[in-house]
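# Summary of structural features
So the chains spell out like this:
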Amino acid sequence: MRHMGTRLKLFFIACGWLFSLATAFGQPLNIAAASSMRFVLPTIIEQYQQQHPEVQVRVVYGSSGRLYGQLSHGAPFHVFMSANMAYAEQAIADEQAIGQVQPYAEGRLVFWWQGEGFGENSETILANFLATPNARMAIANPQHAPYGVQSLAWLQQQAAWEAIEPRLVYTESVAQVAHFVRSGAANLGILALALAVTDELTTVGQYAPVPAQEYAPLRKGMVLTKAGTQHPYASGFMRFMQTAKVQQVLAQGGFAPASSSP
Amino acid sequence: MNPADFDAIRITLKLALVSTALLMLIAMPLAWWLSQLQSRFKPVLEAMVALPLVLPPTVLGFYLLVALGPQGVVGGTLESLGMQHLAFSFPGLVIGSVVYSLPFAVQPLQNAFSQVPQDLLDAAATMRAKPLDRFFSIIVPLTKHGFITAGVLSFAHTLGEFGVVLMIGGNIPGETQVVSTAIYDHVESLNYAGANTLSLGLLLFSVVVLALVYSLNRGAGRMLGGSVGSNTTKPQGGRS
(Lines give C-alpha, C1' and ligand atoms only; values in the text may rest on other atoms or scores of the structure.)
Protein backbone atom coordinates (compact mmCIF):
# COMPACT_ATOMS: atom_id res chain seq x y z
CA MET A 1 0.00 0.00 0.00
CA ARG A 2 2.79 2.37 0.89
CA HIS A 3 4.35 1.65 -2.47
CA MET A 4 1.09 2.70 -4.17
CA GLY A 5 1.03 5.84 -2.06
CA THR A 6 4.46 6.90 -3.24
CA ARG A 7 3.58 6.24 -6.83
CA LEU A 8 0.41 8.24 -6.45
CA LYS A 9 2.37 11.07 -4.89
CA LEU A 10 4.87 11.02 -7.72
CA PHE A 11 2.02 11.03 -10.18
CA PHE A 12 0.54 14.13 -8.59
CA ILE A 13 3.89 15.85 -8.46
CA ALA A 14 4.39 15.10 -12.15
CA CYS A 15 0.89 16.37 -12.91
CA GLY A 16 1.56 19.55 -10.97
CA TRP A 17 4.85 20.07 -12.73
CA LEU A 18 3.29 19.52 -16.14
CA PHE A 19 0.45 21.83 -15.24
CA SER A 20 2.73 24.64 -14.13
CA LEU A 21 4.78 24.13 -17.26
CA ALA A 22 1.61 24.28 -19.33
CA THR A 23 0.46 27.49 -17.72
CA ALA A 24 3.88 29.12 -18.03
CA PHE A 25 4.13 28.11 -21.66
CA GLY A 26 0.43 28.46 -22.31
CA GLN A 27 0.50 32.17 -21.70
CA PRO A 28 -0.04 33.92 -25.03
CA LEU A 29 2.72 36.12 -26.33
CA ASN A 30 1.38 39.68 -26.53
CA ILE A 31 2.99 41.95 -29.08
CA ALA A 32 2.28 45.66 -29.33
CA ALA A 33 3.07 46.68 -32.88
CA ALA A 34 3.09 49.93 -34.79
CA SER A 35 0.17 50.03 -37.19
CA SER A 36 2.48 50.13 -40.23
CA MET A 37 3.23 46.48 -39.37
CA ARG A 38 -0.41 45.53 -39.70
CA PHE A 39 -0.16 43.80 -43.05
CA VAL A 40 3.29 42.22 -42.85
CA LEU A 41 3.34 41.03 -39.25
CA PRO A 42 0.66 38.33 -39.69
CA THR A 43 2.88 36.63 -42.30
CA ILE A 44 5.87 36.79 -39.96
CA ILE A 45 3.85 35.39 -37.08
CA GLU A 46 2.58 32.58 -39.27
CA GLN A 47 6.18 31.61 -40.02
CA TYR A 48 7.08 31.90 -36.36
CA GLN A 49 4.24 29.62 -35.39
CA GLN A 50 5.37 27.00 -37.86
CA GLN A 51 8.47 26.75 -35.70
CA HIS A 52 6.59 27.21 -32.43
CA PRO A 53 3.07 25.88 -32.84
CA GLU A 54 2.80 25.63 -29.03
CA VAL A 55 2.65 29.37 -28.40
CA GLN A 56 -0.28 31.61 -29.15
CA VAL A 57 0.69 35.05 -30.43
CA ARG A 58 -1.62 38.04 -30.05
CA VAL A 59 -0.98 41.43 -31.57
CA VAL A 60 -2.36 44.81 -30.61
CA TYR A 61 -1.87 47.39 -33.34
CA GLY A 62 -1.88 51.12 -32.84
CA SER A 63 0.17 54.25 -33.16
CA SER A 64 3.47 53.87 -31.36
CA GLY A 65 2.72 56.74 -29.00
CA ARG A 66 -0.57 55.21 -27.94
CA LEU A 67 1.01 51.79 -27.44
CA TYR A 68 3.81 53.36 -25.43
CA GLY A 69 1.20 55.08 -23.26
CA GLN A 70 -0.62 51.80 -22.74
CA LEU A 71 2.63 50.06 -21.85
CA SER A 72 3.47 52.67 -19.25
CA HIS A 73 0.00 52.22 -17.75
CA GLY A 74 0.66 48.54 -17.28
CA ALA A 75 -0.57 46.93 -20.50
CA PRO A 76 0.50 43.27 -20.57
CA PHE A 77 2.72 43.52 -23.67
CA HIS A 78 5.79 41.29 -23.92
CA VAL A 79 7.37 42.85 -26.99
CA PHE A 80 6.89 46.46 -28.08
CA MET A 81 7.58 47.12 -31.76
CA SER A 82 7.63 50.87 -32.21
CA ALA A 83 7.55 52.67 -35.54
CA ASN A 84 10.54 54.74 -34.43
CA MET A 85 13.44 54.44 -32.03
CA ALA A 86 12.29 57.19 -29.69
CA TYR A 87 9.28 55.46 -28.08
CA ALA A 88 11.29 52.26 -27.64
CA GLU A 89 14.14 54.20 -26.04
CA GLN A 90 11.65 56.04 -23.86
CA ALA A 91 10.27 52.71 -22.65
CA ILE A 92 13.74 51.67 -21.53
CA ALA A 93 14.37 55.03 -19.88
CA ASP A 94 11.10 54.62 -17.94
CA GLU A 95 12.10 51.09 -16.94
CA GLN A 96 9.07 49.71 -18.76
CA ALA A 97 11.46 47.75 -20.95
CA ILE A 98 14.76 46.03 -20.41
CA GLY A 99 18.02 45.89 -22.35
CA GLN A 100 18.65 47.57 -25.68
CA VAL A 101 16.49 48.86 -28.46
CA GLN A 102 16.86 46.53 -31.42
CA PRO A 103 16.33 48.12 -34.81
CA TYR A 104 14.28 45.80 -37.01
CA ALA A 105 13.35 47.80 -40.11
CA GLU A 106 13.20 51.18 -41.76
CA GLY A 107 10.03 52.73 -43.05
CA ARG A 108 9.30 54.86 -46.11
CA LEU A 109 6.66 57.49 -46.73
CA VAL A 110 4.42 57.41 -49.80
CA PHE A 111 1.47 59.34 -51.13
CA TRP A 112 -1.57 57.19 -51.63
CA TRP A 113 -4.82 57.91 -53.42
CA GLN A 114 -7.74 56.18 -55.05
CA GLY A 115 -8.86 56.38 -58.64
CA GLU A 116 -7.35 58.90 -61.03
CA GLY A 117 -3.73 59.80 -60.67
CA PHE A 118 -2.48 62.81 -58.79
CA GLY A 119 0.85 62.55 -60.59
CA GLU A 120 4.25 60.92 -60.60
CA ASN A 121 6.38 63.06 -58.31
CA SER A 122 5.74 65.01 -55.18
CA GLU A 123 5.55 68.45 -56.85
CA THR A 124 2.84 67.49 -59.35
CA ILE A 125 0.99 65.51 -56.70
CA LEU A 126 0.87 68.50 -54.34
CA ALA A 127 -0.01 70.89 -57.18
CA ASN A 128 -2.85 68.65 -58.38
CA PHE A 129 -4.03 68.16 -54.86
CA LEU A 130 -4.19 71.89 -54.22
CA ALA A 131 -5.95 72.42 -57.53
CA THR A 132 -8.75 70.07 -56.50
CA PRO A 133 -11.40 72.11 -54.71
CA ASN A 134 -12.10 71.05 -51.12
CA ALA A 135 -9.65 68.19 -51.36
CA ARG A 136 -8.41 66.82 -48.05
CA MET A 137 -5.13 65.19 -47.17
CA ALA A 138 -4.88 62.63 -44.38
CA ILE A 139 -1.74 62.14 -42.33
CA ALA A 140 -1.20 60.26 -39.09
CA ASN A 141 -1.47 62.34 -35.95
CA PRO A 142 2.03 63.73 -35.35
CA GLN A 143 1.38 63.89 -31.62
CA HIS A 144 1.72 60.15 -31.20
CA ALA A 145 2.33 58.53 -34.60
CA PRO A 146 5.95 58.56 -35.87
CA TYR A 147 4.85 58.48 -39.53
CA GLY A 148 2.75 61.52 -38.80
CA VAL A 149 5.76 63.33 -37.37
CA GLN A 150 7.78 62.76 -40.55
CA SER A 151 4.84 63.50 -42.85
CA LEU A 152 4.22 66.80 -41.11
CA ALA A 153 7.92 67.70 -41.09
CA TRP A 154 8.15 67.03 -44.80
CA LEU A 155 4.98 68.99 -45.60
CA GLN A 156 6.20 71.94 -43.55
CA GLN A 157 9.27 72.20 -45.79
CA GLN A 158 7.12 72.61 -48.86
CA ALA A 159 6.56 76.04 -50.43
CA ALA A 160 2.81 75.45 -50.46
CA TRP A 161 2.69 74.53 -46.74
CA GLU A 162 0.34 77.39 -45.84
CA ALA A 163 -2.17 76.24 -48.44
CA ILE A 164 -1.80 72.61 -47.40
CA GLU A 165 -2.17 73.05 -43.66
CA PRO A 166 -5.90 73.90 -43.54
CA ARG A 167 -6.63 70.85 -45.69
CA LEU A 168 -5.02 68.31 -43.41
CA VAL A 169 -6.96 65.74 -41.43
CA TYR A 170 -5.27 63.72 -38.72
CA THR A 171 -5.83 60.04 -38.12
CA GLU A 172 -5.37 57.93 -35.04
CA SER A 173 -2.60 55.86 -36.62
CA VAL A 174 -0.86 55.59 -39.97
CA ALA A 175 -3.01 52.60 -40.96
CA GLN A 176 -6.10 54.75 -40.53
CA VAL A 177 -4.82 57.08 -43.25
CA ALA A 178 -5.58 54.26 -45.68
CA HIS A 179 -9.09 53.96 -44.29
CA PHE A 180 -9.73 57.71 -44.62
CA VAL A 181 -8.66 57.71 -48.26
CA ARG A 182 -10.26 54.34 -49.03
CA SER A 183 -13.61 55.51 -47.71
CA GLY A 184 -13.39 58.66 -49.81
CA ALA A 185 -13.32 61.02 -46.85
CA ALA A 186 -9.87 62.24 -47.85
CA ASN A 187 -8.52 62.51 -51.40
CA LEU A 188 -4.88 61.99 -50.67
CA GLY A 189 -2.94 60.45 -47.82
CA ILE A 190 0.63 60.08 -46.70
CA LEU A 191 1.27 56.67 -45.28
CA ALA A 192 3.82 53.91 -44.93
CA LEU A 193 5.07 52.17 -48.05
CA ALA A 194 4.48 48.94 -46.09
CA LEU A 195 0.76 49.70 -46.20
CA ALA A 196 0.64 50.92 -49.82
CA VAL A 197 2.17 47.73 -51.27
CA THR A 198 -0.44 45.42 -49.75
CA ASP A 199 -3.17 43.76 -51.82
CA GLU A 200 -5.82 45.60 -49.82
CA LEU A 201 -4.46 48.93 -51.05
CA THR A 202 -2.98 48.21 -54.48
CA THR A 203 -6.32 46.88 -55.74
CA VAL A 204 -8.05 50.18 -55.02
CA GLY A 205 -5.40 52.85 -55.26
CA GLN A 206 -1.99 54.00 -56.35
CA TYR A 207 1.05 55.28 -54.59
CA ALA A 208 4.09 57.44 -55.29
CA PRO A 209 7.09 57.90 -53.02
CA VAL A 210 7.76 60.96 -50.95
CA PRO A 211 11.43 61.73 -51.84
CA ALA A 212 13.40 59.66 -49.31
CA GLN A 213 16.27 62.14 -49.06
CA GLU A 214 13.88 64.87 -47.88
CA TYR A 215 12.91 63.32 -44.54
CA ALA A 216 14.74 61.59 -41.75
CA PRO A 217 14.69 57.78 -42.10
CA LEU A 218 12.00 56.09 -40.04
CA ARG A 219 14.14 53.67 -38.10
CA LYS A 220 12.05 51.21 -36.16
CA GLY A 221 13.10 49.73 -32.88
CA MET A 222 11.66 47.00 -30.70
CA VAL A 223 12.19 46.28 -27.03
CA LEU A 224 11.60 43.48 -24.58
CA THR A 225 9.23 44.76 -21.93
CA LYS A 226 9.47 44.06 -18.23
CA ALA A 227 6.65 41.52 -18.57
CA GLY A 228 8.45 40.10 -21.60
CA THR A 229 11.44 39.07 -19.51
CA GLN A 230 9.11 36.64 -17.74
CA HIS A 231 7.78 35.18 -20.98
CA PRO A 232 9.60 32.11 -22.32
CA TYR A 233 9.12 33.11 -25.95
CA ALA A 234 9.44 36.90 -25.99
CA SER A 235 13.17 37.27 -26.53
CA GLY A 236 13.13 34.34 -28.95
CA PHE A 237 10.55 36.15 -31.04
CA MET A 238 12.76 39.24 -31.12
CA ARG A 239 15.70 37.16 -32.36
CA PHE A 240 13.37 35.66 -34.97
CA MET A 241 12.59 39.18 -36.21
CA GLN A 242 16.30 39.65 -36.98
CA THR A 243 16.65 36.49 -39.08
CA ALA A 244 17.38 36.81 -42.78
CA LYS A 245 14.11 35.09 -43.61
CA VAL A 246 12.05 37.66 -41.72
CA GLN A 247 14.10 40.58 -43.00
CA GLN A 248 13.27 39.32 -46.50
CA VAL A 249 9.56 39.27 -45.66
CA LEU A 250 9.91 42.82 -44.35
CA ALA A 251 11.68 43.90 -47.53
CA GLN A 252 8.89 42.42 -49.65
CA GLY A 253 6.42 44.12 -47.36
CA GLY A 254 7.77 47.58 -48.10
CA PHE A 255 10.39 48.06 -45.39
CA ALA A 256 14.06 48.77 -45.87
CA PRO A 257 16.47 46.63 -43.82
CA ALA A 258 17.34 47.92 -40.39
CA SER A 259 20.57 49.86 -40.53
CA SER A 260 22.45 49.81 -37.29
CA SER A 261 24.07 53.20 -37.88
CA PRO A 262 22.60 55.88 -35.66
CA MET B 1 -15.59 36.01 -39.09
CA ASN B 2 -12.26 34.94 -37.65
CA PRO B 3 -11.70 33.33 -34.23
CA ALA B 4 -10.84 36.71 -32.72
CA ASP B 5 -14.32 37.94 -33.70
CA PHE B 6 -15.96 35.08 -31.81
CA ASP B 7 -13.74 35.90 -28.85
CA ALA B 8 -14.87 39.51 -29.09
CA ILE B 9 -18.54 38.49 -29.12
CA ARG B 10 -18.03 36.19 -26.13
CA ILE B 11 -16.19 38.89 -24.17
CA THR B 12 -18.81 41.51 -25.08
CA LEU B 13 -21.69 39.35 -23.86
CA LYS B 14 -19.83 38.40 -20.70
CA LEU B 15 -19.00 42.04 -20.03
CA ALA B 16 -22.59 43.15 -20.60
CA LEU B 17 -23.99 40.42 -18.34
CA VAL B 18 -21.54 40.97 -15.50
CA SER B 19 -21.84 44.76 -15.69
CA THR B 20 -25.64 44.65 -15.77
CA ALA B 21 -25.78 42.35 -12.75
CA LEU B 22 -23.45 44.61 -10.79
CA LEU B 23 -25.27 47.74 -11.94
CA MET B 24 -28.61 46.43 -10.73
CA LEU B 25 -27.10 45.64 -7.34
CA ILE B 26 -25.61 49.12 -7.06
CA ALA B 27 -28.44 51.05 -8.67
CA MET B 28 -31.26 49.55 -6.61
CA PRO B 29 -30.26 51.04 -3.23
CA LEU B 30 -28.82 54.16 -4.83
CA ALA B 31 -31.97 54.91 -6.82
CA TRP B 32 -34.18 54.25 -3.79
CA TRP B 33 -32.08 56.51 -1.61
CA LEU B 34 -32.14 59.27 -4.25
CA SER B 35 -35.88 58.94 -4.72
CA GLN B 36 -36.49 59.36 -0.98
CA LEU B 37 -33.85 62.00 -0.40
CA GLN B 38 -35.02 65.45 0.66
CA SER B 39 -31.86 67.47 0.65
CA ARG B 40 -30.64 70.58 -1.07
CA PHE B 41 -27.64 68.55 -2.16
CA LYS B 42 -29.87 66.19 -4.08
CA PRO B 43 -29.34 67.94 -7.45
CA VAL B 44 -25.58 67.62 -6.97
CA LEU B 45 -25.87 63.90 -6.33
CA GLU B 46 -28.19 63.46 -9.29
CA ALA B 47 -25.77 65.39 -11.46
CA MET B 48 -22.95 63.09 -10.43
CA VAL B 49 -24.96 60.03 -11.38
CA ALA B 50 -25.86 61.61 -14.73
CA LEU B 51 -22.31 62.72 -15.54
CA PRO B 52 -21.44 59.77 -17.80
CA LEU B 53 -24.31 60.86 -20.08
CA VAL B 54 -22.58 64.10 -20.99
CA LEU B 55 -18.87 63.47 -20.41
CA PRO B 56 -16.87 62.29 -23.40
CA PRO B 57 -15.91 58.62 -22.92
CA THR B 58 -12.30 59.72 -23.30
CA VAL B 59 -12.52 61.74 -20.08
CA LEU B 60 -13.90 58.80 -18.14
CA GLY B 61 -11.52 56.41 -19.86
CA PHE B 62 -8.57 58.63 -19.09
CA TYR B 63 -9.40 59.01 -15.41
CA LEU B 64 -10.17 55.32 -15.05
CA LEU B 65 -6.93 54.35 -16.79
CA VAL B 66 -4.94 56.59 -14.50
CA ALA B 67 -6.75 55.32 -11.40
CA LEU B 68 -6.68 51.63 -12.28
CA GLY B 69 -3.15 51.51 -13.72
CA PRO B 70 -0.06 50.52 -11.73
CA GLN B 71 0.67 54.11 -10.68
CA GLY B 72 -2.94 54.92 -9.86
CA VAL B 73 -4.74 55.04 -6.55
CA VAL B 74 -6.62 51.79 -7.12
CA GLY B 75 -4.10 49.93 -9.27
CA GLY B 76 -1.14 51.01 -7.16
CA THR B 77 -2.83 49.87 -3.95
CA LEU B 78 -3.60 46.50 -5.50
CA GLU B 79 0.00 46.16 -6.68
CA SER B 80 1.37 46.96 -3.23
CA LEU B 81 -0.88 44.23 -1.86
CA GLY B 82 0.71 41.82 -4.30
CA MET B 83 -2.23 41.76 -6.70
CA GLN B 84 -2.56 42.79 -10.33
CA HIS B 85 -3.50 46.31 -11.29
CA LEU B 86 -6.74 46.59 -13.28
CA ALA B 87 -5.84 48.50 -16.44
CA PHE B 88 -6.12 46.40 -19.63
CA SER B 89 -7.89 43.59 -17.83
CA PHE B 90 -11.42 42.24 -17.86
CA PRO B 91 -12.18 43.42 -14.29
CA GLY B 92 -11.01 46.87 -15.37
CA LEU B 93 -13.47 46.77 -18.28
CA VAL B 94 -16.26 45.81 -15.87
CA ILE B 95 -15.48 48.77 -13.60
CA GLY B 96 -15.44 51.10 -16.59
CA SER B 97 -18.74 49.79 -17.90
CA VAL B 98 -20.41 50.05 -14.51
CA VAL B 99 -19.37 53.68 -14.14
CA TYR B 100 -20.26 54.51 -17.72
CA SER B 101 -23.70 52.87 -17.67
CA LEU B 102 -24.67 53.96 -14.15
CA PRO B 103 -27.21 56.61 -15.20
CA PHE B 104 -28.92 54.09 -17.46
CA ALA B 105 -29.57 51.89 -14.46
CA VAL B 106 -30.25 54.54 -11.81
CA GLN B 107 -32.53 56.93 -13.65
CA PRO B 108 -35.33 54.53 -14.70
CA LEU B 109 -35.33 53.01 -11.22
CA GLN B 110 -35.36 56.37 -9.50
CA ASN B 111 -38.20 57.49 -11.75
CA ALA B 112 -40.19 54.40 -10.88
CA PHE B 113 -39.44 54.53 -7.15
CA SER B 114 -40.43 58.17 -6.82
CA GLN B 115 -43.87 57.34 -8.17
CA VAL B 116 -44.65 54.72 -5.56
CA PRO B 117 -47.43 56.26 -3.46
CA GLN B 118 -46.23 56.83 0.08
CA ASP B 119 -49.66 55.94 1.54
CA LEU B 120 -49.35 52.39 0.22
CA LEU B 121 -46.11 52.01 2.08
CA ASP B 122 -47.59 53.62 5.18
CA ALA B 123 -50.55 51.25 5.01
CA ALA B 124 -48.20 48.29 4.77
CA ALA B 125 -46.21 49.63 7.67
CA THR B 126 -49.31 49.79 9.85
CA MET B 127 -49.77 46.10 9.05
CA ARG B 128 -46.31 45.55 10.50
CA ALA B 129 -44.57 44.86 7.20
CA LYS B 130 -40.83 45.20 7.72
CA PRO B 131 -38.98 47.61 5.36
CA LEU B 132 -37.48 44.76 3.35
CA ASP B 133 -40.87 43.07 3.12
CA ARG B 134 -42.44 46.33 1.96
CA PHE B 135 -39.72 46.69 -0.64
CA PHE B 136 -40.21 43.26 -2.14
CA SER B 137 -43.98 42.92 -1.85
CA ILE B 138 -45.01 46.47 -2.81
CA ILE B 139 -42.25 48.44 -4.43
CA VAL B 140 -40.73 45.79 -6.66
CA PRO B 141 -44.04 44.60 -8.20
CA LEU B 142 -45.15 48.21 -8.78
CA THR B 143 -41.88 49.22 -10.38
CA LYS B 144 -41.29 46.07 -12.39
CA HIS B 145 -41.05 48.07 -15.60
CA GLY B 146 -38.46 50.35 -14.12
CA PHE B 147 -36.35 47.30 -13.36
CA ILE B 148 -36.77 45.92 -16.86
CA THR B 149 -35.90 49.26 -18.44
CA ALA B 150 -32.88 49.73 -16.21
CA GLY B 151 -31.59 46.21 -16.85
CA VAL B 152 -32.07 46.22 -20.59
CA LEU B 153 -30.69 49.71 -21.09
CA SER B 154 -27.61 48.92 -19.00
CA PHE B 155 -27.07 45.77 -20.99
CA ALA B 156 -27.57 47.45 -24.35
CA HIS B 157 -25.47 50.45 -23.43
CA THR B 158 -22.58 48.24 -22.35
CA LEU B 159 -22.74 46.45 -25.71
CA GLY B 160 -22.42 49.75 -27.51
CA GLU B 161 -19.59 51.15 -25.47
CA PHE B 162 -16.45 52.12 -27.36
CA GLY B 163 -14.31 54.94 -26.01
CA VAL B 164 -14.02 53.76 -22.43
CA VAL B 165 -13.32 50.14 -23.34
CA LEU B 166 -10.73 51.18 -25.91
CA MET B 167 -8.90 53.37 -23.42
CA ILE B 168 -8.91 51.12 -20.38
CA GLY B 169 -9.07 47.79 -22.22
CA GLY B 170 -6.41 48.41 -24.83
CA ASN B 171 -8.17 46.30 -27.48
CA ILE B 172 -6.22 43.10 -26.73
CA PRO B 173 -7.66 40.26 -28.84
CA GLY B 174 -9.08 37.45 -26.73
CA GLU B 175 -8.79 39.45 -23.55
CA THR B 176 -10.25 42.94 -23.70
CA GLN B 177 -11.28 43.25 -27.33
CA VAL B 178 -15.04 43.68 -27.53
CA VAL B 179 -17.22 43.83 -30.62
CA SER B 180 -17.10 47.62 -30.94
CA THR B 181 -13.30 47.74 -30.74
CA ALA B 182 -12.96 44.72 -33.05
CA ILE B 183 -14.97 46.69 -35.62
CA TYR B 184 -12.57 49.59 -35.22
CA ASP B 185 -9.66 47.22 -35.84
CA HIS B 186 -11.29 45.76 -38.96
CA VAL B 187 -11.92 49.23 -40.37
CA GLU B 188 -8.33 50.25 -39.74
CA SER B 189 -7.05 47.18 -41.56
CA LEU B 190 -9.46 47.92 -44.43
CA ASN B 191 -11.29 44.66 -43.75
CA TYR B 192 -14.65 46.27 -44.55
CA ALA B 193 -16.38 42.89 -44.96
CA GLY B 194 -15.37 41.89 -41.45
CA ALA B 195 -16.38 45.26 -40.06
CA ASN B 196 -19.71 44.98 -41.83
CA THR B 197 -20.55 41.54 -40.44
CA LEU B 198 -19.92 42.60 -36.86
CA SER B 199 -21.59 46.00 -37.28
CA LEU B 200 -24.70 44.51 -38.81
CA GLY B 201 -24.84 41.94 -36.03
CA LEU B 202 -24.56 44.62 -33.36
CA LEU B 203 -27.15 46.78 -35.13
CA LEU B 204 -29.72 44.00 -35.38
CA PHE B 205 -29.09 42.88 -31.82
CA SER B 206 -29.56 46.44 -30.52
CA VAL B 207 -32.79 46.90 -32.45
CA VAL B 208 -34.16 43.65 -31.04
CA VAL B 209 -33.16 44.56 -27.50
CA LEU B 210 -34.68 48.04 -27.68
CA ALA B 211 -37.84 46.80 -29.38
CA LEU B 212 -38.13 44.34 -26.53
CA VAL B 213 -38.02 47.13 -23.92
CA TYR B 214 -40.58 49.20 -25.74
CA SER B 215 -42.95 46.28 -26.21
CA LEU B 216 -42.58 45.25 -22.58
CA ASN B 217 -43.33 48.81 -21.56
CA ARG B 218 -46.43 49.11 -23.70
CA GLY B 219 -49.31 50.02 -21.50
CA ALA B 220 -46.85 50.75 -18.76
CA GLY B 221 -48.92 53.80 -17.98
CA ARG B 222 -50.89 51.67 -15.57
CA MET B 223 -47.66 50.60 -13.97
CA LEU B 224 -45.20 53.00 -12.53
CA GLY B 225 -42.33 54.73 -14.27
CA GLY B 226 -41.49 52.34 -16.99
CA SER B 227 -41.29 54.08 -20.28
CA VAL B 228 -37.88 54.71 -21.80
CA GLY B 229 -36.73 58.25 -21.38
CA SER B 230 -39.78 59.32 -19.40
CA ASN B 231 -38.89 62.11 -17.10
CA THR B 232 -42.26 62.49 -15.50
CA THR B 233 -41.32 62.41 -11.91
CA LYS B 234 -43.90 63.42 -9.45
CA PRO B 235 -43.14 66.76 -7.86
CA GLN B 236 -40.97 66.15 -4.85
CA GLY B 237 -42.19 66.97 -1.41
CA GLY B 238 -45.79 66.48 -2.51
CA ARG B 239 -46.30 63.77 0.05
CA SER B 240 -48.43 64.59 3.01
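Cut-offs and rules
- Residues numbered from 1 in each chain as written.
- Chains lettered and ligands numbered in written order.
- Predicted model: local features only at pLDDT ≥ 70, side-chain atom pairs only at ≥ 80, totals over all residues.
- Heavy atoms only, no water.
- UniProt positions renumbered as here; feature names shortened; annotations may be inferred.
- Helix = DSSP H or I, 4+ residues; strand = E, 2+ residues; numbered from the N terminus.
- Buried < 20%, exposed > 50% of the residue type's maximum accessible area, 1.4 Å probe, protein only.
- Contact = heavy atoms within 4.5 Å.
- Areas by Shrake-Rupley, 256 points an atom, 1.4 Å probe, with all protein chains shown as cover.
- Buried area = accessible area lost by both parts, 1.4 Å probe.
- Salt bridge = Lys/Arg side-chain N within 4 Å of Asp/Glu carboxyl O.
- Polar contact = N/O pair within 3.5 Å; in protein donor to acceptor, adjacent residues only side chain to side chain.

As recorded in an unreviewed UniProt entry, chain A goes by Molybdate ABC transporter substrate-binding protein and comes from Aliidiomarina taiwanensis. Looking at chain A in UniProt, the text filed under Sequence similarities (unreviewed entry) is "Belongs to the bacterial solute-binding protein ModA family."

In terms of regular secondary structure, chain B is built from eleven helices and zero strands. For chain B, the sequential pattern of α-helices and β-strands runs α-α-α-α-α-α-α-α-α-α-α. Of all 240 residues assigned to chain B, the portion counted as buried reaches 48%. In chain B, the share of contacts with a sequence separation of at least 24, taken over all contacts with a separation of at least 6, comes to 72%. When the accessible surface of chain B is split by element, carbon and sulfur atoms take 70% of a total near 11800 Å².

Attention now goes to the interface of chain B and chain A. Counting residues at the interface gives 22 residues for chain B, matched by 25 residues for chain A. In this assembly, chain B packs against chain A so that about 1900 Å² is buried in total across both faces, 55% of it on carbon and sulfur atoms. The largest contributions to the chain B side of the interface with chain A come from F88(B), E188(B) and L190(B), which together make up 32% of the buried area. Linking chain B to chain A there are three salt bridges. Counting across the interface, chain B meets chain A through nine residue pairs in polar contact (both at pLDDT 80 or more).

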